[in-house]
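Here is how the chains run, residue by residue.
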Amino acid sequence: DAAQFAIRTLRRTWTKGGAGDLQVALAGSGDLDMLRSLPAPLHLHVNELLGPPDGCCSWVSTTPFVPPRFLKPRGSNSLEGQINAELTSRGLPSVEEFEVLEEVTRSFRHFVRCRQHGGSTPPADVGYALRLRFAEPIVGPLPLGYASHFGLGLFFANEE
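Residues numbered from 1 in each chain as written. Predicted model: local features only at pLDDT ≥ 70, side-chain atom pairs only at ≥ 80, totals over all residues. Heavy atoms only, no water.

Participant: I keep staring at the overall build of the protein chain and nothing clicks. Help me out?
Facilitator: Within the protein chain, the regular secondary structure consists of 5 helices and 7 strands. Tracing the protein chain from N to C terminus, the helices and strands come up as α-β-β-α-α-β-α-β-α-β-β-β. Principal-axis analysis of the C-alpha atoms gives the protein chain an extent of 45 × 40 × 30 Å. Going through the 160 residues of the protein chain one by one, you find that 32% of them count as buried. Partitioning the intrachain contacts of the protein chain with sequence separation of at least 6 by distance along the chain shows that 67% fall at a separation of at least 24. When the 15 basic and 17 acidic side-chain charges of the protein chain are each reduced to a single mean position, those positions are 11 Å apart. (Helix = DSSP H or I, 4+ residues; strand = E, 2+ residues; numbered from the N terminus. Buried < 20%, exposed > 50% of the residue type's maximum accessible area, 1.4 Å probe, protein only. Contact = heavy atoms within 4.5 Å. Lys, Arg positive; Asp, Glu negative; His and termini not counted. Charge placed at Lys NZ, Arg CZ, Asp CG, Glu CD.)

Here is the structure:
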């Protein structure tokens with residue numbers, strides 16, 4: 001409630017070294033049930049993005065997962081280690097099994113996987129298509145990895 005109140009009352013903010021105020025407008029608010037009940041055509045991919053209400057055990061990349069740290073062959077900086085670190089940071093369980101989808105990974109080469117102007121870039125300009133399987137169902141959305149807040153590393157529920 002406090003966070004929603006703060007967002008609703010925010011009208012402007014500033015940028016570091018910017019040229020003036022940024023105007024802020026709230027586009028919408030609500031909970032996941034409200035999002036699931038959006039009318040057509042807004043609801044088209046909501047169920048894939050969030051998964052079923054009781055969760056899903058299998059999730060597949062819809063945008064490339066870009067590892068946030070240099071990849072190592074084993075340990076916490078391996079591909080699996082970085083995936084699990086991302087999941088842990090979001091309060092989610094570790095992945096039980098993961099698979100790199102080679103065919104889809106090749107098609108992801110056209111995605112912009114690093115910043116073009118300023119900001120930090122990923123350690124390696126590489127993106128993976130993954131299938132993640134969990135022991136228990138989880139509810140989305142499931143964004144993981146470098147620039148996941150900009151749309152990379154987004155997974156859709158994949159009920160097999």
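Participant: How should I be thinking about the confidence of the model for the protein chain in this particular structure?
Facilitator: Any residue range with low pLDDT should be treated as having predicted coordinates unsuitable for detailed reading. Mean pLDDT for the protein chain: 85, with 93% of residues reaching 70 or above. Summarising per-element confidence for the protein chain, the mean pLDDT is lowest in helix 5 (residues 102-107) (76) and highest in strand 5 (residues 130-138) (96). (pLDDT = per-residue confidence, 0-100.)

Participant: What am I meant to see in the pattern of salt bridges here?
Facilitator: Where side chains of opposite charge bring their charged atoms close, a pairing between them can arise. Scanning all chains against the criterion turns up 5 salt bridges. Residue arginine 12 pairs with aspartate 21 through a salt bridge whose shortest N-O separation is 2.5 Å. Residue class for arginine 12 comes out partly exposed when judged on its relative accessible area of 44%. The partly exposed category is assigned to aspartate 21, whose relative accessible area is 37%. Among the ionic pairs, arginine 131 bridges to glutamate 99, the shortest N-O distance being 3.5 Å. Taken together, the residues arginine 131 in strand 5 and glutamate 99 in strand 4 (residues 97-100) connect sequence positions 32 residues apart. Owing to a relative accessible area of 18%, arginine 131 belongs among the buried residues under this scheme. Relative accessible area serves as the criterion here: at 33%, glutamate 99 is assigned to the partly exposed category. A network of salt bridges, in which partner residues are shared, links Glu97, Glu99, Arg131 and Arg133. (Salt bridge = Lys/Arg side-chain N within 4 Å of Asp/Glu carboxyl O.)

Participant: Just checking my understanding: could you explain the sheet that holds strand 5 for this structure?
Facilitator: Sheet strands pair by backbone hydrogen bonding; their relative direction is either parallel or antiparallel. In spatial order, the strands read 4-5-3-7-6; together these 5 strands make up an open sheet with antiparallel pairing. Looking at strand neighbours, the two that pair on one side only are strand 4 and strand 6 (142-143), the edges of this open sheet. Across 2 bridges, the pairing between strand 6 and strand 7 (residues 154-157) is antiparallel. Across the sheet, residue leucine 142 finds its bridge partner in strand 7, namely phenylalanine 155. (Pairing = 2+ DSSP bridges.)

Participant: Please clarify how unusual backbone geometry should be interpreted in this entry.
Facilitator: Note: most residues except glycine have negative phi, and most peptide bonds are trans. The linkage connecting alanine 40 with the following residue, proline 41, adopts the cis geometry, with an omega of 0 degrees. Across the junction of glycine 140 and proline 141, the peptide omega takes the value 10 degrees, indicating a cis bond. Checked against the element boundaries, proline 141 lands in the loop between strand 5 and strand 6. Its identity as a non-glycine residue notwithstanding, alanine 147 has a phi of 60 degrees, on the positive side. Mapped onto the fold, alanine 147 is located in the loop between strand 6 and strand 7. Judged by relative accessible area, which is 12%, alanine 147 ranks as buried.

Participant: What is the right way to read the pairing of strand 7 from this model?
Facilitator: Put simply, side chains in a regular strand alternate between the two faces of the sheet. Examined bridge by bridge, strand 3 (residues 56-61) and strand 7 share 3 bridges and lie antiparallel to one another. Across the sheet, the residue bridging to serine 61 is phenylalanine 155, located in strand 7.

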